[in-house]
There are 2 protein chains.
Amino acid sequence: MGGTAVRPDHVERFYEPVQAQLDRVRKGLRQLASDQDEYLTEPLEHVLRTSGKGLRPTVTLLAALLHPNDGRNAELMAAAVELLHVASLIHDDTVDDSDLRRGLATVSSLWGKNAAVLVGDYVFAASATYVCDTGNVHVIRRFAETIMSLSRGELQEMACAFQTTQTREIYLKRIQDKTASLFTTAAESGAILGGASRDEVDALKSYGFNVGMSLQIVDDILDFDATREEVGKPVGADLAQGIMTMPTIIAVETGPADNPVLTSLRHPGDADSLAMAVQLAQDPAIIDASYAAANSYSLAAIKSLAALDPGPARDSLEQLARYVIDRRY
Amino acid sequence: MGGTAVRPDHVERFYEPVQAQLDRVRKGLRQLASDQDEYLTEPLEHVLRTSGKGLRPTVTLLAALLHPNDGRNAELMAAAVELLHVASLIHDDTVDDSDLRRGLATVSSLWGKNAAVLVGDYVFAASATYVCDTGNVHVIRRFAETIMSLSRGELQEMACAFQTTQTREIYLKRIQDKTASLFTTAAESGAILGGASRDEVDALKSYGFNVGMSLQIVDDILDFDATREEVGKPVGADLAQGIMTMPTIIAVETGPADNPVLTSLRHPGDADSLAMAVQLAQDPAIIDASYAAANSYSLAAIKSLAALDPGPARDSLEQLARYVIDRRY
C-alpha cells in the first residue's frame, strides 16, 4: 500500500506491450499542437507537457490488445482519450483557480482564464474528431456522454463546496463522474475497437471504472499525505476549497462530534481551522482506512480481469491497477 | 436594407414550413433542461430563454425539407445545432465578461464564471449526443470540427484585441470561424440527413456560409447602429473590448490617417477616444457601406439556392437570407 515513498522500477513495466503505440500517439499529439496558429500552439504544447503519465491512453491500448487487430483505431481512440483528459485538466484548473499542475504553471495562470476556456473547448472538440475517425458511432456517443459526466462531476463539486453534508455516497458518485467515467470509456472503447466479445467489453468497463475510482481516491489521499514537492501543489488544497474527500469523510465518520473538518468548512479561509482539519486527516489510521477503500477498488479491477484470456495485455492491466495504489504522485 | 426600425410581419414567415418541428425541438430541449440536477437545470432553463430566434435550427430543418423524409434525424440535428449555439453563447459571454444577452443576465453573471465554464462544457457534450443519434459519422465529424472553428474564432478575436493591424481579411476569416461555420454545418447537415444530392449539399453549404457571414456583419453593425434597448447591450461594446468589426474596418480603410478608431485602440479604457471612434463608425456612409457588404453575402446565399428545386423550403431559405439584413436585433 501507499505508505512508502520508494517507487520500485517494476511497477511501470505495464507500459511495455503498448510503449511503441503510446509513443506514436504522443508524437501525433505534439504534431497536432505544432500545426496550429501561435495562440493555440503555445498553450497546447505546454499542456501536453503537464498531462502526466498517460494512464488513460495506456488502458485503451491494452484493452485493444486482447485480440489481433491492426491497432489503428486503438491509437486514434488513445489519442482522443488523452486529449479529452488534457481538455478537462485545462478547464478544471481554470475553474479551480489552480496555478500549478505537477509543479508546472497551468494554462489559465500563464494565458489567463478566458483564453484557457477557449483552448479547452478547442481541445475537447479536437479529441472528438479522433473518435469520429474510428467510425464507430457507439464509441463516439459514449465519448460525448463522458464529457457530460466530467463536467457534471466538477459542477457537483462546486455546488457542494463548504457544505457540511458531503457524505461518502455523494463523494463516490462525484468521483465516478469526474474520473472513473473516463477510465471506463477508455477501457470500453479500446475493447470494442480491438474486437472484444460482449463479456470482455463488460469486464473491461468494470476494470476501467474500478481503476478510475481507486486512482481518484489515491489522488485525494495524496492531497493530505504527500509533500508539496511530490504532488506539485499545496497540501490540503481540496479542503481549503471546501471539498471533502475520502480522508476527511472518514475523519467525520469516525471522529468527534465537534469535528475539526466540519469546523473548517464552517469557516472558509480560516487558516487555523484548516490546519487542525488537515492534521486530523493526516492521522495514520485515517490514511490507512482511505488506502483500504482505494485498494478495494483496485482489487475489484483485478478481479474483473479474470474474464479475459491470460497474456501480456492482461498482465499489464493488472500491474496498472496495482500501480495506481503504489504511486506517490 | 437595415436603415429602418420597422419590422414588417412578413419577414418571419420563413418559419412556417418547419414551425411544428421547431416547436418540438424546443420542447425537447426544455425537457432536457428540466431532467437535470438543480445546479444544471436552472442555468440551462435560463439560457434557453436567451438563445434567440432559432435561425440555426430553422436552417437545418428547412435544408432537410427539400426531399421527402420522416424528419426525425433533421429534428435531432436541429436540437444539436441549437444546443451548440447555446453552449458557445455561454462560453462567449463568460470570456467576454458580458453581463447582458438580449437584455437578460448571462449565465456567467448569474452563476459565476466558473460554473458557466462547466455548464457550457456540459451543453457542448449534450449537443454532440444528439448528433450521434443521427448515426451519421460524417455529420458528427463536421459537428466536432465546427466546435473547433467556433473556439478558434473566439481565440483569434481575443489574441488581436487592441491591435491596430486588424484588417478586413483577418475579420472575415474570424467571423467565418465564429459564426458562419455553424450556419454552414447547420445547412450541410440538414441537407445530408434529408437525403439531398451532392450538388444540393454543396449549394446549401454555400448558402449557410453566406447567411452566417451576413448575419455576423449585421450583428457588428447593430453594435454601433442600434440602441442599447434594441440589442440589449451597450453601444460600441466590441470596440470597447479592442475588437475591430466591419464598420470600424471601413472607417479605417476610408478615414483619415490619424483615425479615431486607431486612437481608441491605442488607449484602452479611454472613454473620450472611444466615444469619438463610435461617432465615426456611426457615420451613415460607413453604416451604408457595411450593410452593402452584408447584403452581398445575403445575395450570394440567395443565388446558391438556384441549384435547388423550387418550393416552400427554398422560399423560406430565401426569406431567411433577406431577414438577417432587415432585422434590428
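Structure shown above.
About the criteria used
- Residues numbered from 1 in each chain as written.
- Chains lettered and ligands numbered in written order.
- Predicted model: local features only at pLDDT ≥ 70, side-chain atom pairs only at ≥ 80, totals over all residues.
- Heavy atoms only, no water.
- Helix = DSSP H or I, 4+ residues; strand = E, 2+ residues; numbered from the N terminus.
- Rg over C-alpha atoms; globule rule 2.2 N^0.38 Å.
- Buried < 20%, exposed > 50% of the residue type's maximum accessible area, 1.4 Å probe, protein only.
- Lys, Arg positive; Asp, Glu negative; His and termini not counted.
- Charge placed at Lys NZ, Arg CZ, Asp CG, Glu CD.
- Expected span 1.5 Å × (residues − 1).
- Bend = angle between axes of the 7 residues up to and from the residue.
- Core = buried A, V, L, I, M, F, W, Y, C linked by side-chain atoms within 4.5 Å.
- Contact = heavy atoms within 4.5 Å.
- Least-squares fit on C-alpha atoms with pLDDT ≥ 70 in both.
- Salt bridge = Lys/Arg side-chain N within 4 Å of Asp/Glu carboxyl O.
- Buried area = accessible area lost by both parts, 1.4 Å probe.
- Polar contact = N/O pair within 3.5 Å; in protein donor to acceptor, adjacent residues only side chain to side chain.
- Nonpolar A, V, L, I, M, F, W, Y, C, P; charged D, E, K, R; others polar.
- Patch = residues over 30% accessible without salt bridge, like charges linked within 9 Å, V, L, I, M, F, W, Y side chains within 5 Å.
- Areas by Shrake-Rupley, 256 points an atom, 1.4 Å probe, with all protein chains shown as cover.
- Phe/Tyr/Trp six-rings, centres within 6.5 Å; stacked < 30°, edge-to-face > 60°.
- Axes fitted to C-alpha atoms, helices over the stretch in contact; angles between N-to-C directions.
- Parallel < 35°, antiparallel > 145°, perpendicular 65-115°, else oblique.
- Left-handed = near helix turned anticlockwise from the far one by under 90°.

Participant: Summarise the overall build of chain A; cite the residues concerned and give the values.
Facilitator: The number of helices and strands found in chain A is 16 helices and 2 strands. For 329 residues, the compact-globule formula gives about 20 Å, and the C-alpha radius of gyration of chain A, at 19 Å, lands near that figure. Counting only C-alpha atoms, chain A reaches 60 × 45 × 35 Å along its principal axes. By the burial criterion, 57% of the 329 residues in chain A qualify as buried. Counting 30 positive and 45 negative side-chain charges, chain A places the centres of these two groups 3 Å from one another.

Participant: Lay out helix H8 (residues 168-193) of chain B with the relevant residues and their values.
Facilitator: Since the α-helix advances by 3.6 residues per turn, residues separated by three or four positions end up pointing in the same direction. Residues and elements named next belong to chain B. The end-to-end C-alpha distance of H8, which contains 26 residues, comes to 35 Å, matching closely the 38 Å that a straight helix rising 1.5 Å per residue would cover. By the largest-angle criterion, Ala-180 marks the main kink of H8, which is about 50°. Following H8 by one or two positions, Gly-195 adopts a phi angle in the positive range, close to 90°.

Participant: Please give an account of the nonpolar core that cites residues and values.
Facilitator: By size, the foremost hydrophobic cluster in this structure holds 212 residues, and its most contacted members are Leu55(A), Leu204(A), Tyr207(A), Leu55(B), Leu204(B) and Tyr207(B). When sequence neighbours within four positions are dropped, the list of residues in contact with Tyr207(B) reads Val59(B), Ala301(B), Ser304(B), Leu305(B), Leu317(B), Leu320(B) and Ala321(B).

Participant: Go over the relation of the copies chain A and chain B, please, and point to the residues and values.
Facilitator: Its rotation angle being 180°, the transformation that places chain A on chain B also includes 0.0 Å of axial translation and leaves an RMSD of 0.0 Å. Put plainly, the chains are arranged around a two-fold axis. Both copies present the same face, since 100% of the interface residues in chain A are matched by interface residues at the equivalent positions in chain B.

Participant: Any chance you could break down the environment of Ala115(A) for me, citing the residues and the numbers?
Facilitator: One can find Ala115(A) in helix H6 (residues 113-132). Separated by 76 residues in the primary sequence, Ala115(A) and Tyr39(A) place their C-alpha atoms 9.0 Å from one another. The residues contacting Ala115(A), other than those within four sequence positions of it, are Leu155(B) and Met158(B).

Participant: Tell me about helix H16 (residues 312-326) of chain B, and name the residues and values.
Facilitator: Its 15 residues place the ends of H16(B) 21 Å apart at the C-alpha level, agreeing with the 21 Å of an ideal helix rising 1.5 Å per residue. Contacts from the buried residues of H16(B) go to helix H3 (55-63), helix H9 (198-225) and helix H15 (284-304) of chain B.

Participant: Explain the pattern of salt bridges to me, and be specific about the residues and the numbers.
Facilitator: Throughout the structure, instances matching the rule amount to 26 salt bridges over all chains. Taking the shortest distance from any N to any O, the salt bridge between Glu145(A) and Arg142(A) comes out at 3.0 Å. Of the two residues, Glu145(A) and Arg142(A) are both situated in helix H7 (residues 137-159); the distance of 3 residues between them amounts to about one turn of the helix. Judged by relative accessible area, which is 25%, Glu145(A) ranks as partly exposed. The salt bridge involving Arg174(B) is made with Glu157(B); its shortest N-O contact spans 3.8 Å. You can see Arg174(B) sitting in helix H8 and its partner Glu157(B) sitting in helix H7 (residues 137-159), a full 17 residues away along the chain. One network of salt bridges, in which partners are shared, links Asp133(A), Arg141(B), Arg142(B), Glu145(B) and Glu188(B).

Participant: Could you give an account of the interface of chain A and chain B, with specific residues and numbers?
Facilitator: Contacts between the two partners involve 36 residues from chain A and, on the opposite side, 36 residues from chain B. Across the chain A to chain B interface the summed buried area is about 3400 Å²; carbon plus sulfur atoms make up 76%. A per-residue breakdown of the area chain A buries against chain B is headed by Tyr39(A), Leu118(A) and Leu155(A), which together make up 19% of the total. At the boundary of chain A with chain B, the tally comes to 2 salt bridges. As a salt-bridge pair, Asp133(B) and Arg141(A) come within 2.6 Å of each other at their nearest N and O atoms. Inspection of the chain A/chain B interface yields 10 residue pairs in polar contact (both at pLDDT 80 or more). Elements represented by at least two residues in the side of chain A that touches chain B include exactly helix H2 (38-49), helix H4 (72-95), H6 and H7 of chain A. Classifying every residue of the side of chain A that touches chain B by side-chain character gives 21 nonpolar, 7 polar and 8 charged.

Participant: Lay out the side chain of His46(B) with the relevant residues and their values.
Facilitator: Residue and element names in this part refer to chain B. Mapped onto the elements of the fold, His-46 is located in helix H2 (residues 38-49). For His-46, a relative accessible area of 10% corresponds to the buried category. Excluding residues within four positions of it along the chain, His-46 makes contact with Ala-105, Val-107, Leu-110 and Trp-111.

Participant: Please set out unusual backbone geometry residue by residue, giving values where relevant.
Facilitator: Positive phi values are uncommon outside glycine, yet Phe162(A) reaches one of about 65°. Turning to its location among the elements, Phe162(A) is positioned in the loop between H7 and helix H8 (168-193). Positive phi outside glycine occurs at Asp97(B), with the angle close to 55°.

Participant: Quick one: what's the story with a negative patch on the surface, residue by residue and with numbers?
Facilitator: A cluster of like negative charges, contributed by Asp37(A), Glu38(A), Glu42(A) and Glu45(A), occupies part of the molecular surface. Inspection of the secondary structure puts Asp37(A) in the loop between helix H1 (19-34) and H2.

Participant: Account for the packing of aromatic side chains, with residues named and values stated.
Facilitator: Tallied over the full model, the rule gives 6 aromatic pairs over all chains. Relative to Tyr323(B), the ring of Phe14(B) lies with its centre 5.3 Å away and its plane at 50°, an arrangement referred to as tilted. One end of the pair, Phe14(B), is in the segment before helix H1 (19-34); the other, Tyr323(B), is in helix H16, and 309 residues separate them in sequence. Take Phe14(B) and Tyr323(B): they sit in the same class, and that class is buried. Geometrically, the ring pair formed by Phe209(B) and Tyr297(B) is edge-to-face, given 6.3 Å between the ring centres and 80° between the ring planes. With Phe209(B) in helix H9 and Tyr297(B) in helix H15, this residue pair connects regions lying 88 residues apart in the sequence. Grouping aromatic residues by their ring pairs yields a cluster made of Phe14(A), Tyr15(A) and Tyr323(A).

Participant: Before we move on, could you go through the packing of H3(B) against H16(B) and cite the residues and values that matter?
Facilitator: Residues and elements named next belong to chain B. Where H3 meets H16, the closest approach of the two axes is 10 Å, and the angle between their N-to-C directions is 155°. Here H3 lies roughly antiparallel to H16, going by the angle between them. The two elements H3 and H16 cross, and the hand of that crossing is left-handed. Of the residues in H16, those touching H3 at Leu-55, Thr-58, Val-59 and Leu-62 are Ala-313, Ser-316, Leu-317, Leu-320, Tyr-323 and Val-324. Per-class residue counts for the contact of H3 with H16 are 8 nonpolar, 2 polar and no charged.

Participant: Can you break down the packing of H1(B) against helix H4 (residues 72-95) of chain B residue by residue, with the values?
Facilitator: All names here are of chain B. Running from N to C, H1 and H4 cross one another at 60°; their axes reach a closest spacing of 9 Å. Viewed along their axes, H1 and H4 adopt a mutual orientation that is oblique. Where H1 crosses over H4, the handedness of that crossing is right-handed. Residue-level inspection shows Gln-21, Arg-24, Val-25, Leu-29 and Leu-32 of H1 in contact with H4, the latter providing Glu-75, Ala-78, Ala-79, Glu-82 and Leu-83. Classifying every residue of the contact of H1 with H4 by side-chain character gives 6 nonpolar, 1 polar and 3 charged.

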